[in-house]
Each structure stands twice: as C-alpha cells, then as structure tokens.
Amino acid sequence: GESVGLHLPTLSVQEGDNSIINCAYSNSASDYFIWYKQESGKGPQFIIDIRSNMDKRQGQRVTVLLNKTVKHLSLQIAATQPGDSAVYFCAETPGGSYIPTFGRGTSLIVHP
Amino acid sequence: GAGVSQSPSNKVTEKGKDVELRCDPISGHTALYWYRQRLGQGLEFLIYFQGNSAPDKSGLPSDRFSAERTGESVSTLTIQRTQQEDSAVYLCASSKVLLGTEAFFGQGTRLTVV
C-alpha cells in the first residue's frame, strides 16, 4: 500500500546549525501535509502545514518545502536550539480522505 | 477547553480487564481522531468521528476495541479483555472540520497491560 516514510530515523546537530528533516510520500493524491513535533511524554504538536498548491511555506524559524515531482517533503529549522530536540513526524492527507497518515518519525538531537 | 484533554494520563490494568479511555476535544471541533502509538513508533490510526458518527471503523485492531462520541464532544475508547499487546499510548486529536485542517492532540493515555 502507499505510505509515508522518513529517510533518517535520527539526526544529530550542533546548537545554532540549521536542520533539515526529510519525508518521502508515495500517494500522489495527497494534497495536505503537516509537520508535527513530539517531545518526550507529550502529544504531537503542530509546527507547520502546506497544501499541494504551494511548494514552500515559512513560519517562525521553520520552512516546509514540498516537491510534488519527486513526492518529497522537508522541514528546515533555522538556528536549531536544544529545545528543538524531539521526534518530528510528517503527516499526509490524501485528497478525499479524512485521515491524516503519519510517517515513522525522525528523532532530532541538538547538542549544546 | 483550551486544548484536548485526555484521561487518565496513565492506566495500568491486568490482562483480561476492560479499560475506558476518555477524550475531551476542543470546544466546537467537529472532527475527532484516535491514534495508537507504541514505544518508539509512529502513530497508528484507529478511528475518526465526524460529529457523533464514525463512518469508518476499519482501523480498529480487533473487535475488542470500540469507540463512541456523544454530544459532538466527549469520546471514549473502550478496550475489552485487554492483552499485553494493547500496551501503548493512546492519542486523541480534534480539528475544526474533518477534511484537511490542523489536528490538535492531547497528551495521550499511557496504557500498560500487565
């Protein structure tokens, strides 16, 4: 079946560096994507979303890029801070579906 | 309320017992979702509600799992005759509408079956 997956299960960076977390999706019918951050012992927290009619969206210190040609989604975090350490999930919602489907997650570790 | 609230936050139960997990969504949110997250894993979709209706129950792992929602508000997830493989964090999320909008998550209920 079609699925959402992540290239790297763990990403380690130094404080102040920029981080890039990648996500591959295979359902070309997906038209809405969300990045969530999950800290230990907490529920996922919305970071940023993007619809398929866009290829880039920026938030505070975060940017999401969508490449529909290769079905790739990325989350860029500028000036990564220790508080950014968490597991990051991408989720896709195929057009006509009501169910956000989550990828496996990437653990981001920020070293002071 | 200010956010999605789940109770209890932790539940330890003996194998074979029934458990009931509660979710209070954000007021006015018509869509409600239940997910299961095993340790170190991603989120596994269980069921969603549009209002009080659950059109698709195919995500529920077995017939021991059931869910209901009343008053377009509180939802309960019931697991009968719990098994050790049911141990996980059960997450609830709500969104304003069903299709293609941000879902807000609660902190989850950590269920441990011993």
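Look a little higher up for the structure.
Residues numbered from 1 in each chain as written. Chains lettered and ligands numbered in written order. Predicted model: local features only at pLDDT ≥ 70, side-chain atom pairs only at ≥ 80, totals over all residues. Heavy atoms only, no water.

Asks: Talk me through the layout of surface pockets; I want residue IDs and the actual numbers.
Replies: Of the pockets and cavities examined, the largest pocket occupies roughly 590 Å³. Around the largest pocket, the lining is made up of 31 residues, and of these Gln38(A), Gly41(A), Gln37(B), Val89(B) and Arg110(B) lie nearest the centre. Those elements that provide at least two residues to the lining of the largest pocket are strand 9 (86-94) and strand 11 (106-111) of chain A together with strand 8 (88-95) and strand 10 (109-113) of chain B. Partitioned by chemical class, the residues of the lining of the largest pocket number nine nonpolar, 17 polar and five charged. Empty space within the second largest pocket amounts to approximately 230 Å³. Lining the second largest pocket are 18 residues; nearest its centre among them are Gly43(A), Pro44(A), Gln45(A), Phe105(B) and Gly106(B). For the lining of the second largest pocket, the secondary-structure elements that each account for two or more residues are strand 4 (30-38) and strand 5 (45-51) of chain A together with strand 9 (104-105) of chain B. Class assignment of the residues belonging to the lining of the second largest pocket gives a composition of nine nonpolar, five polar and four charged. (1 Å grid on protein atoms, 1.4 Å probe; cavity = no way out; pocket = protein on both sides within 12 Å on 5 of 7 lines; lining within 4 Å. Points joined across faces, edges and corners; volume = space filled by probe spheres on them. Helix = DSSP H or I, 4+ residues; strand = E, 2+ residues; numbered from the N terminus. Nonpolar A, V, L, I, M, F, W, Y, C, P; charged D, E, K, R; others polar.)

Asks: Got a sec to walk through the interface of chain A and chain B? Specific residues and values, please.
Replies: If you look at the interface, chain A gives 18 residues, while chain B gives 19 residues. For the pairing of chain A and chain B, the buried interface totals around 1600 Å² over both sides, and the portion due to carbon and sulfur atoms is 62%. Inspection of the region where chain A meets chain B yields four residue pairs in polar contact (both at pLDDT 80 or more). Residue assignment for the side of chain A that touches chain B shows that the elements contributing at least two residues are strand 4 and strand 5 of chain A. Of all the elements, strand 4 of chain A adds the most residues to the side of chain A that touches chain B, at four residues. Residues belonging to the side of chain A that touches chain B are distributed by class as follows: 10 nonpolar, five polar and three charged. (Contact = heavy atoms within 4.5 Å. Buried area = accessible area lost by both parts, 1.4 Å probe. Polar contact = N/O pair within 3.5 Å; in protein donor to acceptor, adjacent residues only side chain to side chain.)

Asks: Tell me about the nonpolar core, and name the residues and values.
Replies: All names here are of chain B. Ranked by internal contacts, the top residues of the largest apolar core, which has 21 residues, are Trp 34, Leu 46, Ile 47, Phe 49, Leu 77 and Tyr 90. Those elements giving two or more residues to this core turn out to be strand 3 (19-24), strand 4 (31-37), strand 5 (43-50), strand 6 (65-69), strand 7 (75-79), strand 8 and strand 10. In this structure, Tyr 90 is in contact with Gln 6, Leu 21, Trp 34, Tyr 35, Arg 36, Leu 46, Phe 65, Leu 77, Ile 79, Gly 108, Thr 109 and Leu 111, ignoring residues within four places of it in sequence. (Core = buried A, V, L, I, M, F, W, Y, C linked by side-chain atoms within 4.5 Å. Buried < 20%, exposed > 50% of the residue type's maximum accessible area, 1.4 Å probe, protein only.)

Asks: Give me the lowdown on the state of the cysteines, citing residues and values where you can.
Replies: Throughout the structure, instances matching the rule amount to two disulfides over all chains. The side chain of Cys23(A) participates in a disulfide bridge whose partner is Cys90(A); the two sulfur atoms lie 1.8 Å from each other. Torsion about the S-S bond of the Cys23(A) and Cys90(A) cystine: about 50 degrees, corresponding to right-handed handedness. Of the two residues, Cys23(A) is situated in strand 3 (residues 19-25) and Cys90(A) in strand 9; the sequence distance between them amounts to 67 residues. Note that Cys23(B) is cross-linked by a disulfide to Cys92(B), the S-S spacing being 1.9 Å. Disulfide Cys23(B)-Cys92(B): torsion about the S-S bond near -65 degrees, hence left-handed. Of this pair, Cys23(B) sits in strand 3 while Cys92(B) sits in strand 8, placing them 69 residues apart in sequence. Relative accessible area serves as the criterion here: at 0%, Cys23(B) is assigned to the buried category. (Disulfide = S-S within 2.5 Å.)

Asks: Report on the sheet that holds strand 7 of chain B, specifying residues and quantitative values.
Replies: Residue and element names in this part refer to chain B. Ordered in space as 1-3-7-6, the four strands form an open sheet in which the pairing is antiparallel. Single-partner strands in this sheet number two, and they are strand 1 (5-7) and strand 6. Each adjacent strand pair in this sheet contributes to an overall mean axis angle of 15 degrees, direction not counted. Here strand 1 runs beside strand 3; their pairing, made up of three bridges, is antiparallel. Bridge pairing in strand 3 places Ser 5 opposite Asp 24. (Pairing = 2+ DSSP bridges. Axes fitted to C-alpha atoms, helices over the stretch in contact; angles between N-to-C directions.)

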